[in-house]
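This is what each chain is made of:
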Amino acid sequence: MKWISLIPVVGVGVLLLFAAQDFPEWGDPQSPASQSPVASHFINNTGVDTEVPNMVTAVLADYRGFDTMFETVVVFIAGIAVLAILKGSGGRRRGTRRAYEVEAEPDIIVTHTVRLMVPVIQIFAFYVLAHGHVSPGGGFQGGVVMGASFILVALAWDLDHALVRMSLPRCMAIAAAGIIIYAGIGFLSMFLGGEFLDYAELEKVLPVSREMARYHAMLGVEIGVGFTVTSIMFALYANLSTEGRLKGGL
Amino acid sequence: MFEDGAIINELLIERLNYIIYVVLLLIGLHAMISKQNLIKKLIGMSIFQTAIILFYVSIAVKDNATIPIYKTEHDPHGDAAKAAVLDSNRSGEETKAFYAPVMLKPEETQQYSNPLPHVLMLTAIVVGVATLGLALALCLRIQQGYGTVEEDELLVKIERSDARYSQSPLAKAKNRRRTQSRNTRKPRTSVKSTKSIGKSAKPLESRDSTKTKKTTSKSNLSQPKKKPASTSRKPRSSSSKVEGSKPTTPKAPAKKASEKTRAPKKKGAE
Amino acid sequence: MGLELFNTFILLLLVVTALAALRVRDLITAAAVLGVYSFLMCLLWAEMGAVDVAFTEATVGAGISTVVLVATIFNLKRKSND
């Protein structure tokens, strides 16, 4: 019965292959995507407008900052929704887990290695976040590496170890604080006379030029994004591995 | 066959990225449709999403172009920009800036890859992982409610619970009471009772009883009144109490005091 | 020429990995193969010059996505029927 589904799938594939014939060659510098005026404007003017060497971070946090704000809100909503679906629904232990579940103590080699590695990982996460202007990186990547460090603590010991350091109410508070930072910078620019998220107006409160105000506001915005992504990644893992009960777990 | 302009050359050699992206798209789409396990469907969704991102990133590639980060000669904080400030200061203008970067000329623009699709795809990846997390939470919830994540077993259980629910006297009373027949919401905990496929009954009932205990306590806390309220929450939880307790009573007779009040009606319905 | 060969090789390996992730019966193996698929994608994008996207995919796709998938499968039955 399910073999009938191959027919529309292969049909779609054949149509897409016909369309792929009309595409420009891969890597063609004269293709319409490479010649588009919007992309050329971004490449030409990022240095002049914002003095940020990384064009992708500049476009993400400054030229298209509204988009990034709502993407952060989407991550936050996903974390809240997982909490809403799974909280208070655990009940007793399932029979399916008894087959291969063993009561294991934290292994000594793993715990000592992780104890050495986690501070280094967290410092690297801060570096990735702060250096996002001049190298590949930025708010999302730094936030995810930071969240992954908490998950590493939860994996090497048990989940309670990580929850002592980053309990779920604190996670949600940090996530909300991240969005408030982002929207706060936007509103601050609005109160100072510009548009929402027009960072250049921040030169009235900071002792820098217009372009450097955009530079520093981008850093502030990336910090907000990093907060939210960190806490939601850890909350996602904590809820999914224990079905909302926050006891036991991987 | 391999000369320029032939179809194979055009498709396979020059545009291999696009062909592979179409193949991956089809693999992901077919997996989402035809796999029975819900987790396999989610893996198919993830393959689908990364194939789309591959397509967009392939558009942004330029021959002999470098990554979209300024090189040292165009660096806004580099020596060239500093020299430009000194020039402008010497000519008489006073600026607060320490650097004066200049706009790039068109031939210099060709050296950099297109940054715009990269930006869009960053958002797409993060939204994709958020969606995956939410979908996995839903899978866990389905496993708690029905005990399985295989599609065929799920369909059997849903049909059985729908049939059972439509036969219950409560449903018949509700259909009579309502003027419009929009009775499509089925109770949440009713289906666990039908789970006699390959699993022992004992642990299920204890979990079943804790579940019904939970729903009754929740309903008692939120609203003390029960029956005539006819909006969705109250009759559903009370009917779920009925449904959940219905078939367990023949198997384990003395579980809950509340179930005993429904016992004669149940035996009549079955 | 070497770069094109590398590109072609990675693209074909992508298709093989995607098929393998869907065919294995054990769900944890499927999650691991999906991690391999994500890493191959990240490598491909880094070679194509999209370094930010590759960084994000390496952390999010091959890191968080795999861990979260394994954490969920831990609570389900480990073997799938198809």
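Just above, that's the structure.
For clarity, every value in this text was computed on a predicted model and none was experimentally measured.

> I tried to follow the packing of helix H3 (residues 38-59) of chain B against helix H2 (residues 27-47) of chain C on my own but got confused; where do I start?
Two numbers describe a pair of packed helices, the interaxial angle and the distance between the axes. Contact geometry for H3 of chain B and H2 of chain C: axes closest at 11 Å, N-to-C directions at 5°. The orientation of H3 of chain B with respect to H2 of chain C, classified from their angle, is roughly parallel. Within the contact between the two elements, H3 of chain B uses Ile 39, Lys 40, Ile 43, Ser 46, Ile 47, Thr 50, Leu 54 and Val 57 of chain B and H2 of chain C uses Leu 27, Ala 30, Leu 34, Tyr 37, Ser 38, Met 41 and Trp 45 of chain C. Class assignment of the residues belonging to the contact of H3 of chain B with H2 of chain C gives a composition of 11 nonpolar, three polar and one charged.

> Which parts of the structure should I look at to understand the interface of chain B and chain C?
Much of the literature gives interface size as the accessible area that the parts lose upon coming together. Each side of the interface is counted separately: chain B has 39 residues, and chain C has 36 residues. Breaking the side of chain B that touches chain C down by element, the ones donating at least two residues are helix H2 (16-34), H3 and helix H6 (116-146) of chain B. The residue inventory of the side of chain B that touches chain C, partitioned by class, reads 25 nonpolar, 11 polar and three charged.

> Honestly, the interface of chain B and chain A in this entry has me stumped. Any pointers?
Taken together, the 60 residues of chain B in the interface contact 53 residues of chain A. Elements supplying a minimum of two residues to the side of chain B that touches chain A: helix H1 (7-14), H2, H3, H6 and helix H9 (201-222) of chain B. In terms of residues, the side of chain B that touches chain A owes the most to one element, H6 of chain B, which gives 16 residues. Class assignment of the residues belonging to the side of chain B that touches chain A gives a composition of 34 nonpolar, 15 polar and 11 charged.

> What am I meant to see in the packing of H3 of chain B against H6 of chain B here?
Residues and elements named next belong to chain B. It is at 10 Å that the axes of H3 and H6 come closest, and there the two elements cross at 175°. The angle between H3 and H6 falls in the class roughly antiparallel. Every residue of H6 that contacts H3 at Leu 38, Ile 39, Leu 42, Ser 46, Gln 49, Ile 53, Tyr 56, Val 57 and Ile 59 is listed here: Pro 117, Leu 120, Met 121, Ala 124, Ile 125, Gly 128, Leu 132, Ala 135, Leu 136, Cys 139 and Ile 142. Its residues assigned to classes, the contact of H3 with H6 comprises 17 nonpolar, three polar and no charged.

> What am I meant to see in the nonpolar core here?
What tends to happen in soluble globular proteins is that the nonpolar side chains get buried as a cluster. Counting residues in hydrophobic clusters, the biggest one holds 133 residues, and the most contacted among them are Tyr 237 of chain A, Leu 24 of chain B together with Val 68 of chain C. Looking at which element gives the most residues to this core, the answer is helix H10 (residues 210-242) of chain A, with 17 residues. Taken domain by domain, the makeup of this core includes at least three residues from each of domain 1 (7-61 + 124-139) and domain 2 (69-112) of chain B. For Val 68 of chain C, the residues in contact, after removing those within four places along its chain, are Leu 236, Tyr 237 and Leu 240 of chain A together with Leu 132, Gly 133 and Leu 136 of chain B.

Cut-offs and rules
Residues numbered from 1 in each chain as written. Chains lettered and ligands numbered in written order. Predicted model: local features only at pLDDT ≥ 70, side-chain atom pairs only at ≥ 80, totals over all residues. Axes fitted to C-alpha atoms, helices over the stretch in contact; angles between N-to-C directions. Helix = DSSP H or I, 4+ residues; strand = E, 2+ residues; numbered from the N terminus. Parallel < 35°, antiparallel > 145°, perpendicular 65-115°, else oblique. Contact = placed C-beta atoms within 7 Å. Nonpolar A, V, L, I, M, F, W, Y, C, P; charged D, E, K, R; others polar. Core = buried A, V, L, I, M, F, W, Y, C linked by C-beta atoms within 7 Å. Buried ≥ 20, exposed ≤ 12 C-beta atoms within 10 Å, placed from the backbone. Domains from an automatic or database assignment.

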